[in-house]
Amino acid sequence: MKKDEVKRFNLGLEKTPIQRLENVNRDLGVNLYIKRDDLNGLGAGGNKLRKLNYLAKDAVQSGCNVLLTFGGVQTNHGRMTAAVAARLGLKSCIILNGPPPEKATGNLILDKMLNSELVFMDNSEFKNAPDAEEKMNVLREKTLKSVIKSYEENGDKVYIIPLGGSNPLGALGYVDAVDEIETQLSEMHLDLDYMITAYGSIGTYAGLIVGSRMRNHNYKLIGMNVLHDFISHPELLNEHLDYINDISRMYDLGVTITSEDLWIEKETIRSGYNIPDPLTQERVMYLAAREAIFLDYCYTGKAFSGLVDLVNQKKIPRGSNILFMHTGGLPGIFSDIHEDAMQEKLWSGNQKVFTL
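Residues numbered from 1 in each chain as written. Predicted model: local features only at pLDDT ≥ 70, side-chain atom pairs only at ≥ 80, totals over all residues. Heavy atoms only, no water.

1. Overview of the overall build of the chain
In plain terms, the rule: Strands here mean DSSP runs of E at least two residues long; helices mean DSSP runs of H or I at least four residues long; both are numbered from the N terminus. Using C-alpha atoms as the atom set, the radius of gyration is obtained and then compared with a globule rule of 2.2 Å times the number of residues to the power 0.38. Throughout, exposure labels follow a simple rule: accessible area from a 1.4 Å probe, protein chains only, divided by the maximum for the residue type, with under 20% read as buried, over 50% as exposed, and the rest as partly exposed. Should any heavy atoms of two residues lie within 4.5 Å, those residues are counted as being in contact. Computed by Shrake-Rupley with a 1.4 Å probe, the accessible areas treat only the displayed protein chains as cover when residues are assessed. Lys and Arg are tallied as positive, Asp and Glu as negative. Neither His nor the chain termini are counted. By convention, charge coordinates are those of NZ in Lys, CZ in Arg, CG in Asp, or CD in Glu.
Assigned secondary structure in the chain consists of 11 helices and 10 strands. Computed over its C-alpha atoms, the radius of gyration of the chain comes to 20 Å, within 12% of the 21 Å expected for a compact globule of 356 residues. Reported as C-alpha extents along the three principal axes, the dimensions of the chain are approximately 65 × 60 × 45 Å. Evaluated residue by residue, the chain yields a buried proportion of 53% over its 356 residues. In the chain, once contacts between residues fewer than 6 apart in sequence are set aside, the share between residues at least 24 apart is 77%. Put simply, the chain shows about 17,100 Å² of open surface, and 50% of that area lies on carbon and sulfur atoms. Positive and negative charge centroids in the chain, built from 39 and 46 side chains respectively, lie 3 Å apart.

This is the structure we're talking about:
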């Protein structure tokens, strides 16, 4: 099937703005711009909407009325899936990796406001076991089968959306984004040297690199790893490359991406996926104080921190034109793990207080 034959919704705003970061530029000596996909006008924003425009359209065309997806307990993708379902009058269900927390924080609150069903997979008994991954796969299969059966017995039809919406169909959302960005940059009379995004479930990076290659762009696309253990699993990069090329093959886009085309900064995961680390915290607070733009500690914060590292290490030369993709994730700041981790830095208990 050719890409032009694939239908999609156009939920949210028509396009998201690009802003120049004047204060940061003075500090770093670069020309840094930020693409605000956190401001897309639906469900607290984020990059997943571009993918879900395609996936939800396919669900409706397939006669499905339930959008079901997966993620961590604070999944941004799950929240955006619930938001899209709410806008379209569909049901949503998020299967979450882990036991339910003692209280709802961050995305969980928004999930429930969007009337999504939350199903938790309690892995606490085997989380640290040598075969934890194998057991989690068994639990996931069991949970999915049970949840689908429950919906079908109620007369519903379930559409399964993968982690992060990152399959070839969903990635088309970021193939499209390259055209949008190209138009905006042309209006700004700006030629990019680098584009930078978080590298998690891969769909955003995959769509961007396929789209940019289709248009023969010369800028370098850098993915900042926030999820993958490339040290223990070096084979992952080849699997990711296969997925990227599947997008071109399935939709006749006429490009082939090789391992030499990929620039992935593997160490930006720092302490691990969604684990608070001091350097990411420091740089998230820096951008907020300098530009009044909020990043999250799981995705965009680590990606921005990696950008600063590359500039400081002179791997990105001074004076370069850089576009940073803000892929959303703000509700994650208010999750229990990150609220707790930031208390000492932000809330000493010694604030000024005046009374009568």
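2. Here's the deal with the nonpolar core
Note on soluble globular proteins: their nonpolar side chains tend to be buried together. The cut-off we apply is this: What is meant by a nonpolar core is a set of buried Ala, Val, Leu, Ile, Met, Phe, Trp, Tyr and Cys residues, joined one to another through side-chain atoms within 4.5 Å.
Ranked by size, the top nonpolar core spans 56 residues in total, and within it Leu-67, Met-195 and Ile-247 carry the most contacts. Mapped onto this core, the elements with two or more residues apiece are helix H2 (48-61), helix H3 (76-88), helix H6 (168-187), strand S7 (194-199), helix H7 (203-214), helix H8 (236-250) and strand S10 (321-326). When residues of this core are assigned to their parent elements, the largest contribution, nine residues, is made by H6. Those residues in contact with Ile-247, other than ones at most four positions away along the chain, are Pro-168, Ala-171, Leu-172, Val-175, Ala-206, Gly-207, Val-210 and Leu-253. Ranked by size, the runner-up nonpolar core spans 28 residues in total, among them Ile-196, Met-224, Val-284 and Leu-287.

3. Notes on the pairing of S7
To be explicit about the condition: Here the rule is simple: two strands pair whenever DSSP picks up at least two bridges between them. Handedness of a crossover is defined as follows: orient the strands so they point away from the viewer, and if the path from the first strand over the helix to the second runs clockwise, the crossover is right-handed.
S7 sits mainly inside the fold: six of its six residues count as buried. In this sheet, strand S8 (residues 220-225) lies alongside S7 in parallel orientation, the contact comprising six bridges. When the bridges of S8 are listed, Ile-196 appears paired with Ile-222. Each parallel crossover has a hand, and the one from S7 via H7 to S8 is right-handed.

4. Considering the packing of H2 against H3
Which entries qualify depends on this criterion: Where helices are involved, their axes are fitted lines through C-alpha atoms of the stretch in contact, as for all axes, and angles between N-to-C directions lie from 0 to 180°. If an angle is under 35 degrees, it is roughly parallel; if it is over 145, roughly antiparallel; if it lies from 65 to 115, roughly perpendicular; otherwise it is oblique. By definition, any crossing whose near helix is turned counterclockwise from its far helix by less than a right angle is left-handed, and any crossing with a clockwise turn is right-handed. We call Asp, Glu, Lys and Arg charged. Ala, Val, Leu, Ile, Met, Phe, Trp, Tyr, Cys and Pro are nonpolar, and the rest, Gly among them, are polar.
Between H2 and H3, the least distance of the axes is 10 Å, while the angle of their chain directions is 50°. Judged by the angle between their axes, H2 and H3 are oblique. Taken as a pair, H2 and H3 cross one another with a handedness that is right-handed. Facing H2, whose interface residues are Lys-48, Leu-49, Leu-52 and Ala-56, H3 presents His-77, Met-80, Thr-81, Val-84 and Leu-88. Looking at the contact of H2 with H3 residue by residue, the class counts come to six nonpolar, two polar and one charged.

5. Focus: the sheet that holds strand S2 (residues 31-36)
The strands that make up a sheet are held in pairs by hydrogen bonds between backbone atoms, and each pair lies either parallel or antiparallel. Pairing is mixed across the open sheet formed by six strands, whose spatial order is S1-S2-S10-S7-S8-S9. A single partner strand is all that each edge strand has here, and the edge strands are strand S1 (18-20) and strand S9 (263-265). On average, each strand axis in the sheet is inclined to that of its neighbour by 25°, with strand direction left out of account. In this structure, S8 lies alongside S9, joined through three bridges in parallel fashion. When the bridges of S9 are listed, Gly-223 appears paired with Ile-264.

6. Focus on the packing of H7 against H8
Remark: H7 packs on H8, axes separated minimally by 10 Å, with the N-to-C direction vectors making an angle of 50°. Between H7 and H8, the angle falls in the class oblique. The handedness of the crossing between H7 and H8 comes out as right-handed. Contacts from Gly-203, Tyr-205, Ala-206, Gly-207, Ile-209 and Val-210 in H7 reach Tyr-243, Ile-244 and Ile-247 in H8. Its residues placed into classes, the contact of H7 with H8 shows seven nonpolar, two polar and no charged.

7. Regarding the pattern of salt bridges
For the record, the criterion: A side-chain nitrogen of Lys or Arg and a carboxyl oxygen of Asp or Glu constitute a salt bridge if their distance falls within 4 Å.
Inspection of the entire model under this criterion finds 17 salt bridges. For Asp-246, the salt bridge is made with Arg-249, and the minimal N-O distance between the two is 2.4 Å. With a gap of three residues between them, Asp-246 and Arg-249 both fall in helix H8, about one helical turn apart. Exposure remark for Asp-246: the relative accessible area of 28% places this residue in the partly exposed category. For Arg-249, a relative accessible area of 56% translates into the label exposed. A single network of salt bridges, built from pairs that share partners, joins Lys-35, Asp-37, Arg-50 and Glu-180.

8. Brief notes about the packing of aromatic side chains
Inclusion rule: Each aromatic pair joins two rings of Phe, Tyr and Trp (for Trp, the six-membered one) with centres within 6.5 Å, and gets the label stacked for planes under 30 degrees apart, edge-to-face for over 60, and tilted for any other angle. Here, a charge over a ring is recorded when the distance from Lys NZ or Arg CZ to the ring centre is within 6 Å and its angle to the ring normal is within 35 degrees.
If you walk through the whole model with that rule in mind, you get six aromatic pairs. Centre to centre, the rings of Tyr-199 and Tyr-205 are 5.2 Å apart; their planes meet at 80°, and the pair counts as edge-to-face. Residue Tyr-199 is classed as buried on the basis of its relative accessible area of 0%. A ring pair is formed by Tyr-273 and Tyr-299, whose centres lie 5.9 Å apart and whose planes are at 70°; its orientation type is edge-to-face. In this pair, Tyr-273 sits in the loop between S9 and helix H9 (278-291) while Tyr-299 sits in the loop between H9 and helix H10 (300-312), placing the two residues 26 residues apart along the sequence. Judged by relative accessible area, Tyr-273 falls into the partly exposed class, the value being 33%. Tyr-299 gets classed as partly exposed once you look at its relative accessible area, which sits at 22%. Ring pairing ties together the aromatic residues Tyr-199, Tyr-205 and Phe-230, which thus form one cluster. When the ring centre of Tyr-174 is taken as origin, the NZ or CZ atom of Arg-50, which lies over that ring, is 5.4 Å away.

As far as function goes, none of this settles anything; it's purely spatial.
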